[in-house]
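In case you want the letters, here they are:
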There are 2 protein chains.
Amino acid sequence: MFSKACEYGIRAAIYIGQQSASGRRVGLKDIAAEIDSPEAFTAKILQQLVREQLVTSVKGPTGGFELTPEQLRTVTLRQLVVAIDGGAMLQGCALGLPQCSAKQPCPMHYQFLPIRDQLNELLRAHTIGELASKVQEGLGFLKQFS
Amino acid sequence: MFSKACEYGIRAAIYIGQQSASGRRVGLKDIAAEIDSPEAFTAKILQQLVREQLVTSVKGPTGGFELTPEQLRTVTLRQLVVAIDGGAMLQGCALGLPQCSAKQPCPMHYQFLPIRDQLNELLRAHTIGELASKVQEGLGFLKQFS
DNA sequence: TACATACCGGACAAATTTGTCCTTTAATTT
DNA sequence: AAATTAAAGGACAAATTTGTCCGGTATGTA
């Protein structure tokens, strides 16, 4: 569905959000450990998110990553996905036709349309803050325990 | 959504189906030209589909690819996708958790479930023959004209 | 039987994605 | 101010996906 980078990015953002909601700023090492992702690769992805201002970072001792109250409230899953994977998967043709549209639809065009619309709607409807709360309440997990 | 290989594979299968429905067997060169795909790469993908018996091939002069009436009637989009991309995208967790399930769901688990179910249903519901007819009737396209 | 045709299969190459390492930059603490 | 901490950024490496090339194999035709 999404790229690895995107999966890590979303998990990281939610974890940062969860901690930010409790007033804690978190470092890269902590993040990678908590979401079970490769540290250096996760750093790259977070850099992207910081550049896009979807996540906030602070350098130096006591530094780390955090989400402002506004970011918690307004940044959606969709913004993360677009920032990391680009819009292609949320718009492009399922069969890869470059100009697929009602004008010259691929054979699956009208069947896929509602599903893609729902996916877009879904991603737009959920903020990082909301997902972070879910994790905080033990209703969702960012890595698996045994 | 799907890999390039999968996109080419689906388009190729539908084109072969369209021609088979009219009693024509088609060669690789023809296929690649009609669906606008790299020839040698398309050959690899078709080999896979032939091995899985989703497509039939005949060697030698007058040879080529075709779909038997049974293949036209029974092979679904889902079988093509699984043969080429594997089942991961049709089952795996959206956030990449290896063991995501109701037991330890990711924060988006229950939101994604209905969408993934619909996608599976959609892929299962459409046969190559059906999609080939759509193209034959001019209601769907496998490449774009200008 | 010889030849031509067209798929098969393996090796190879390019491009992209995933992942690592190390130096630089910024900020806090002593 | 110096030392320490942690993110930023660039270069590099591994893995996967995408794509090519070419000799081998099967099949139909003369």
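Numbers given to residues run from 1 along each chain, matching the order in which its sequence is written. Each chain is given a letter, starting from A, and each ligand a number, starting from 1, according to the order in which they appear as written. Where totals are concerned, whole chains, interfaces and linings use all residues; where local detail is concerned, this predicted model gives features only for residues with pLDDT of at least 70, and gives and counts side-chain atom pairs only at 80 or more. Only hydrogens and water are set aside; all other atoms, that is, all heavy atoms of the structure, feed into the side-chain values.

Turning next to the protein's contact with DNA strand D. What makes a residue near a molecule or strand is one non-hydrogen atom of that residue sitting within 4 Å of it. In the vicinity of DNA strand D, 26 residues are found, and the nearest of them are K44, R51 and S57 of chain A together with Y8 and P61 of chain B. Restricting attention to atoms of DNA strand D within 4 Å of the protein, one finds that 61% of them are sugar or phosphate atoms. Distance and chemistry together define a polar contact, namely a pair of N or O atoms within 3.5 Å, with one atom able to donate a hydrogen and the other to accept it when in protein, and with adjacent residues in sequence counting only for side-chain atoms on both sides. One nitrogen or oxygen atom from the side chain of K44 of chain A is found 2.6 Å from a base oxygen belonging to DNA strand D. A distance of 3.2 Å separates a phosphate oxygen of DNA strand D from a polar side-chain atom of Y8 of chain B. Strands here are runs of E lasting at least two residues and helices are runs of H or I lasting at least four, both read from the DSSP assignment and numbered beginning at the N terminus. Every element with two or more residues in the surface near DNA strand D is listed here: α3 (39–51), β1 (56–58) and β2 (64–66) of chain A together with α1 (4–21) and α3 (39–51) of chain B. Here the residues of the surface near DNA strand D sort into 12 nonpolar, 8 polar and 6 charged. Amino acid classes used here: Ala, Val, Leu, Ile, Met, Phe, Trp, Tyr, Cys and Pro are nonpolar; Asp, Glu, Lys and Arg are charged; the rest, including Gly, are polar.

Here L122 of chain A shows up in helix α7 (residues 109–125). Relative accessibility thresholds used throughout: buried, under 20% of the residue-type maximum; exposed, over 50%; partly exposed, between the two (1.4 Å probe, protein chains only). Under the relative-accessibility criterion, L122 of chain A is labelled buried at 11%. In this structure the C-alpha to C-alpha distance between L122 of chain A and R78 of chain A, which are 44 residues apart in sequence, comes to 8.3 Å. Beyond its immediate stretch of four places on either side in the chain, L122 of chain A contacts M108, Q111, F112 and I115 of chain B. Any pair of residues with heavy atoms lying within 4.5 Å of one another is described as a contacting pair.

Attention now moves to the packing of helix α1 (residues 4–21) of chain A against helix α2 (residues 28–35) of chain A. All names here are of chain A. Lines fitted to C-alpha atoms define the axes, with helix axes restricted to the stretch in contact, and inter-axis angles between N-to-C directions lie between 0 and 180 degrees. Relative to each other, α1 and α2 sit at 115°, their axes nearing to 10 Å. The pairing of α1 with α2 is recorded here as roughly perpendicular in orientation. The element α1 and its partner α2 pack so that their crossing is right-handed. Of α2, the residues touching α1 (which contributes Y8, R11, A12, Y15 and I16) are D30, I31, E34 and I35. Any angle that falls under 35 degrees is termed roughly parallel, while one over 145 is termed roughly antiparallel, one within 65 to 115 roughly perpendicular, and all others oblique. Each crossing gets its hand from how the near helix is turned against the far one by less than a right angle, where anticlockwise is left-handed and clockwise is right-handed.

We now examine the relation of the copies chain B and chain A. A least-squares fit on C-alpha atoms brings the copies together, and the residues used are those whose pLDDT is at least 70 in both copies. Note on the identical chains: chain B maps onto chain A by a rotation of 180° and an axial translation of 0.0 Å, with an RMSD of 0.0 Å. In short, the pair behaves as if placed about a two-fold rotation axis. Comparing interface residues between copies, 100% of those in chain B also sit at the interface in chain A, which points to an isologous, same-surface contact.

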